[in-house]
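So you can see what is in the structure, the chains are spelled out below.
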Amino acid sequence: MDLLGVEEEVPEPLSPEAFATVAGQIKSHYGIDLFAYSQNLEDGLFLETQNASAPLSAEVLAELEPVATHLVSINLWRRQLEPGALQQIASFPALSTLQLGQTNITPEDLQHLVDLKKLRSLNLHGTAIDDSAVETLSQMKSLRTLFLFDTRISAEGIELLRDALKDCEILIPQPAGPETPVAEGQAPAEGESAEYVE
């Protein structure tokens, strides 16, 4: 059982041959890269779609099913997602990091991610996510980091999320305001940040 009280399911070991087969197929067919975090495949896999040659569909992502229990990180930055893609991603039970920045996801799409009990980091930077997504995001109790830069969520929505996700760091842009000069070489005062506010 993990720290969140979720019963751990030990996946079947992933063979190097199975990993190599899936990685080779999705690379040659779609330009998608599948990597291992280490030589030990049990440390997990991550998916990088920067060089994807087509929009990401459920059918494309379904080709990852042989390695689904070992997939812990997916980067979909600036990818066009076709209907059904998020439902397929929700079938990857070990997923802990999901980068959806500048994708075409909608607030309704997020409902498919609620059952990802190991999801720790979710990046929604530059998406059309607005206050209608607050209720859904509030259900994602496993989150520890939530990126909301350049979304349409209001200040009130942010506060509701902070109340609901007590253990999650919610990252939003630093509010505009008068600048306080900092002497060269001087670190910001304790609790201040040059980039983020909590």
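All values reported here derive from a predicted model rather than from experimental measurement.

Here we look at the overall build of the chain
Next up, step 1: From N to C terminus, the chain includes five helices and eight strands.
Next up, step 2: When its helices and strands are written in sequence order, the chain yields α-β-β-α-β-α-β-β-α-β-α-β-β.
Next up, step 3: Looking at the chain residue by residue over its 198 residues, the buried ones come to 43%.
Next up, step 4: Considering only intrachain contacts with a sequence separation of at least 6, the fraction spanning at least 24 residues in the chain is 55%.

Side note on the environment of Glu63
Next up, step 1: Looking at the secondary structure, you find Glu63 in the loop between helix H2 (58-62) and strand E3 (71-75).
Next up, step 2: For Glu63, a relative accessible area of 25% gives the class partly exposed.
Next up, step 3: Each residue touching Glu63, except ones within four places of it in the same chain, is listed here: Val22, Gln25, Ile26, His29 and Tyr30.
Next up, step 4: Within the local environment of Glu63, its side chain forms a polar contact with the side chain of Tyr30, the two groups lying 2.5 Å apart.

As for the pattern of salt bridges
Next up, step 1: Evaluation of the coordinates by the stated rule reveals three salt bridges.
Next up, step 2: Among the ionic pairs, Arg162 bridges to Glu159, the shortest N-O distance being 2.9 Å. Here Arg162 pairs with Glu159, and both are found in helix H5 (residues 155-164), just three residues apart, close to one helical turn.

With respect to the confidence of the model for the chain
Next up, step 1: Summarising the model, the chain shows a mean pLDDT of 87, and 82% of its residues fall at 70 or more.
Next up, step 2: Scored below 50 in pLDDT, residues 180-198 shows 18 contacts in the model against residues more than four places distant or in partner chains.

Regarding the packing of aromatic side chains
Next up, step 1: One pass over the full model with this rule turns up two aromatic pairs.
Next up, step 2: Pairwise contacts between aromatic rings join Phe35, Tyr37 and Phe46 into one cluster.

Considering the nonpolar core
Next up, step 1: Core analysis: the largest hydrophobic core is formed by 52 residues, its most contacted members being Leu34 and Leu146.
Next up, step 2: If sequence neighbours within four positions are ignored, Leu146 has contacts with Leu122, Leu124, Leu137, Leu161, Leu165, Cys168, Glu169, Ile170 and Leu171.

Observations concerning H5
Next up, step 1: When H5 is considered as a whole, its buried residues turn out to be Gly157, Ile158, Leu161 and Arg162. The arc that holds the buried residues of H5, viewed along the axis, is 140°, so those residues lie on one side. Pointing more than 90 degrees away from the buried face of H5 are the exposed residues Glu156 and Leu160.

Basis of the calculations
Residues numbered from 1 in each chain as written. Predicted model: local features only at pLDDT ≥ 70, side-chain atom pairs only at ≥ 80, totals over all residues. Heavy atoms only, no water. Helix = DSSP H or I, 4+ residues; strand = E, 2+ residues; numbered from the N terminus. Buried < 20%, exposed > 50% of the residue type's maximum accessible area, 1.4 Å probe, protein only. Contact = heavy atoms within 4.5 Å. Polar contact = N/O pair within 3.5 Å; in protein donor to acceptor, adjacent residues only side chain to side chain. Salt bridge = Lys/Arg side-chain N within 4 Å of Asp/Glu carboxyl O. pLDDT = per-residue confidence, 0-100. Phe/Tyr/Trp six-rings, centres within 6.5 Å; stacked < 30°, edge-to-face > 60°. Core = buried A, V, L, I, M, F, W, Y, C linked by side-chain atoms within 4.5 Å. Arc of directions from axis to C-beta.

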